[in-house]
Amino acid sequence: MRDHPTATVRTRVRVPLRFGDGYSADADLVTFHGLVDGKEHLAVVLGDPGTDPLVRLHSECLTGDVFGSARCDCGPQLREAVEQIAERGGVLLYLRQEGRGIGLYNKLDAYALQDEGLDTYAANAALGLPEDDRDYTAAAQMLQALGIDTLDLLSNNPDKAEQLRDLGVTVSHRVPTGVFTTAHNVRYLRAKVLQTQHTLPLPELTGLTELTAG
């Protein structure tokens, strides 16, 4: 198990959330002192987390979360997560890890390479960048500061659960998110399945069987 320093709550403030489709939820937004990477990560506490909270680690995606980009599934995942967590009680950790940790400009550079035929992971590699540069130590610190050491994780990504467990957080169950496909993100979602073992039920998509066999 990896050790990590203790973080503390800095500010907790009530904020009403409103989404473009009319859904609304009240949340506590929590900031922290002492996060190891020095970034302004945010906890969104929804409902009553209780002893069995539902937690999502959501990496910031300006293009998807704010502008509604159809090249990824981040915006719909964020919207879904807020509703599911609000219904059950839990926390969404909004982590400042744009582009799986490579930053906004590099992500857009990778998009340009994807337009030339590379998948999302190969595009990162072609730029000399890691496929996924995210570290969840700060997330574990945030959970500890909120008094959460056992949770159900809302995610299709096995690496998130593995890292949290290695950091001393008990992940009881991994709850899958929905599959939000568009004409523009099918290759992106396939790459998640094939390259990093995301648990997305995508065999019905045209070309997935052939891609796997190849």
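Below is a short write-up of the structure. Note that this is a predicted model, so its numbers are computed, not measured. (Residues numbered from 1 in each chain as written. Predicted model: local features only at pLDDT ≥ 70, side-chain atom pairs only at ≥ 80, totals over all residues. Heavy atoms only, no water.)

1. Notes on the state of the cysteines
Scanning the model with the defined rule gives 0 disulfides in all. With no disulfide of its own, C61 lies 3.7 Å from the sulfur of C74, the closest cysteine sulfur. The thiol of C74 is not disulfide-bonded; the next cysteine sulfur, from C72, is found 3.6 Å away. Judged by its relative accessible area of 13%, C74 is buried. (Disulfide = S-S within 2.5 Å. Buried < 20%, exposed > 50% of the residue type's maximum accessible area, 1.4 Å probe, protein only.)

2. Digging into the pairing of strand β6 (residues 150–154)
Along β6, 4 of the 5 residues are buried, which leaves the element largely enclosed by surrounding structure. Relative to β6, strand β4 (residues 54–59) runs parallel, the two sharing 2 bridges. The partner of L54 across the bridge, within β6, is D152. Between β6 and its parallel partner strand β7 (residues 170–175), the chain crosses via helix α6 (residues 158–166), and the hand of that crossover is right-handed. (Helix = DSSP H or I, 4+ residues; strand = E, 2+ residues; numbered from the N terminus. Pairing = 2+ DSSP bridges. Right-handed = clockwise from strand over helix to strand, strands pointing away.)

3. Here we look at helix α3 (residues 104–114)
Every α-helix winds through 3.6 residues per turn, so residues three or four apart in the chain are directed the same way. When we look at burial in α3, the residues that qualify are K107, A110, Y111, L113 and Q114. All buried residues of α3 fall inside an arc of 160 degrees around its axis, so they share one side. (Arc of directions from axis to C-beta.)

4. Regarding the packing of aromatic side chains
Evaluated as defined, the whole model comprises 1 aromatic pair. Between the aromatic rings of F19 and Y23, the centroid separation amounts to 6.1 Å while the plane-to-plane angle is 45 degrees, which identifies the pairing as tilted. The exposure class assigned to Y23 is buried, which follows from its relative accessible area of 17%. Over the aromatic face of Y111 sits the side chain of R71, whose NZ or CZ is 4.3 Å from the ring centroid. (Phe/Tyr/Trp six-rings, centres within 6.5 Å; stacked < 30°, edge-to-face > 60°. Lys NZ or Arg CZ within 6 Å of the ring centre and 35° of its normal.)

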